[in-house]
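What the coordinates show
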Amino acid sequence: MIRINENFNALQGSYLFYETGKRVKEFQQKNPDIRVIKLGIGDVTEPLSPSIIAGLKEAVSEMGVRETFQGYPPYEGYEFLRNIICETDFRARGINISPGEIFVSTGAKEDTANIQELFSGDIKLAITDPVYPVYVDSNIMAGRNKIEYLPCNAESNFLPGLPSEDADLIYLCFPNNPTGQAIDRAGLKKWVDYARQKKAVILFDAAYESYIREEGIPHSIYEIDGAEEVAIEFRSLSKAAGFTGTRCSYTVIPDKLMAPDKSGVRHSLNKLWLRRQSTKSNGVAYIIQKGAYGYFTEKGRLENMKIVDYYLENASIIGRGIAALGLNYCGGVNSPYIWCSVPEGLNSWQFFDELLSRCNIAGTPGSGFGSCGEGYFRLTGFGKRQDINEAVERLVKFK
Ligand code: MLT
């Protein structure tokens, strides 16, 4: 008789953004005349930039001609894309990453969820709290339960301390989702040194790298000496290039990154990931990779830098509105996210409901990102400027 994977019983009822989306939809169905301003899930609103559109269009035409038609893409991604990624994101910053260490994918969500398949079921995890829920849920689905949560709260300046027990696999995300906090070079070095000492692996989610504006904030974990022996980095075009609906990302697994099996034989994680990806995926569409190439050109980077600046300005407008309510917040500087405290007397979900019904603004309750997120709330700078300004005006109702 068929039976389910009972690890699913250990999950929370529903995925955070599914739950918030459902509540907003129900509110809208009951109140069809009200226009809700959505500052919940971090979904981009500006159109794809001209360089990306040019790449997409060119590829569409090529697909209609026998000589340039493309079938299955390479499992790791087209060389033209992996080469330009290495040039712009790494070599231009003095980091020596080669195309063979890059795997193009349909999204950092998928890759951060799937990467745990490379590791043993009984390893100890260190995960920040609050956290992007995908890291936790994907491990719970796989039956892992040895998780140390590292609190990130106002007392720790929203940065995690090192684990109290030796960790084997560490999830870090900087600039952070959900808190918006960035980590400086010295802070990140502590983690790389820790992983080297404990023979652990760091999964470094840099999906929000393009929002970094301050000096001294590393854009890649490989800016830290020795990181190529202990870290996997995830990058995404979702928020950098408006690809939430177009889907493209990449993962870096350096050749030097090895991990042992139970007999102590060391294996290349790059090779294991290639084995995994070539078995379970047929890669990313040529058309999409050509669009992504457009983003990595000099013109494309400039176009998208302006769009990211626009979202950052949105975030600082929201931050000012939050401060005017007398609420503390962090983020919004190297990140599109504002992480604020909720008004006294309310918990995160109560504030979600109140904000939706009184101000018609949808956000994300902090407790949905972990127990240390209770008492906090996340708003995103993704939105049209007019809506952001209107949202700030509506917030006054909370005074
Ligand atoms: C978020 O709002 O945290 C992100 O948009 C979710 C995601 O990237 O999957």
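Scoring rules and cut-offs
Residues numbered from 1 in each chain as written. Predicted model: local features only at pLDDT ≥ 70, side-chain atom pairs only at ≥ 80, totals over all residues. Heavy atoms only, no water. Pairing = 2+ DSSP bridges. Helix = DSSP H or I, 4+ residues; strand = E, 2+ residues; numbered from the N terminus. Axes fitted to C-alpha atoms, helices over the stretch in contact; angles between N-to-C directions. Contact = heavy atoms within 4.5 Å. Salt bridge = Lys/Arg side-chain N within 4 Å of Asp/Glu carboxyl O. Buried < 20%, exposed > 50% of the residue type's maximum accessible area, 1.4 Å probe, protein only. Phe/Tyr/Trp six-rings, centres within 6.5 Å; stacked < 30°, edge-to-face > 60°. Domains from an automatic or database assignment. Buried area = accessible area lost by both parts, 1.4 Å probe. Polar contact = N/O pair within 3.5 Å; in protein donor to acceptor, adjacent residues only side chain to side chain.

**Remarks on the sheet that holds strand 6 (residues 201-205)**
Either a parallel or an antiparallel arrangement is found when strands of a sheet pair, and the pairing is made through backbone hydrogen bonds. The seven strands are arranged 2-8-7-6-5-3-4 in an open sheet whose pairing can be described as mixed. Edge positions in the open sheet fall to strand 2 (102-105) and strand 4 (147-151), since each of these has one partner strand only. Direction aside, neighbouring strands of the sheet carry axes that sit 20° apart on average. Relative to strand 5 (residues 169-173), strand 3 (residues 125-129) runs parallel, the two sharing three bridges. What sits directly across from I127, in strand 5, is Y171. Sheet strands touched by helix 3 (residues 79-90): strand 2, strand 7 (231-236) and strand 8 (249-252). Its angle to strand 2, the strand with the most contacts, is close to 110°.

**A look at the pattern of salt bridges**
Applying the stated rule across the entire model yields 25 salt bridges. Of the charged contacts in the structure, one is a salt bridge between R247 and E110, with a shortest N-O distance of 3.3 Å. One end of the pair, R247, is in the loop between strand 7 and strand 8; the other, E110, is in helix 4 (residues 108-114), and 137 residues separate them in sequence. The class for E110 is partly exposed, based on a relative accessible area of 26%. Between R358 and E354 there is a salt bridge; the shortest N-O distance is 2.9 Å. Here the residue R358 and the residue E354 both occupy positions in helix 10 (residues 348-359), the gap between them amounting to four residues, near one helical turn. Within this structure, D89, E209, E233, R235 and R301 form a network of salt bridges that share partners.

**Some words on the packing of aromatic side chains**
Each pair of aromatic rings is reported with the distance of its centres and the angle of its planes. Across all of its chains, the model carries 24 aromatic pairs by this definition. Geometrically, the ring pair formed by F17 and F369 is edge-to-face, given 6.1 Å between the ring centres and 70° between the ring planes. Taken together, the residues span a long stretch of sequence, with F17 in helix 1 (residues 16-30) and F369 in the loop between strand 14 (364-365) and strand 15 (376-380) at a distance of 352 residues. The pair formed by F17 and F369 is uniform in burial state, with each residue classed as buried.

**Quick look at the domain arrangement of the protein chain**
Under the domain assignment used here, the protein chain contains domain 1 (7-46 + 300-398) and domain 2 (50-297). Buried area between domain 1 and domain 2, summed over both chains or domains, comes out near 3,300 Å², and the portion from carbon and sulfur atoms is 58%. It is Y15, R301 and N334 that lose the most area in domain 1 upon contact with domain 2, and together they represent 23% of the buried surface on that side. Linking domain 1 to domain 2 there are two salt bridges. With its nearest N and O atoms 3.1 Å apart, the salt bridge here joins R301 to D89. Our count for the contact surface shared by domain 1 and domain 2 stands at 17 residue pairs in polar contact (both at pLDDT 80 or more). Those elements that place two or more of their residues in the side of domain 1 that touches domain 2 are helix 9 (298-324), strand 11 (329-331), strand 12 (337-341) and strand 15.

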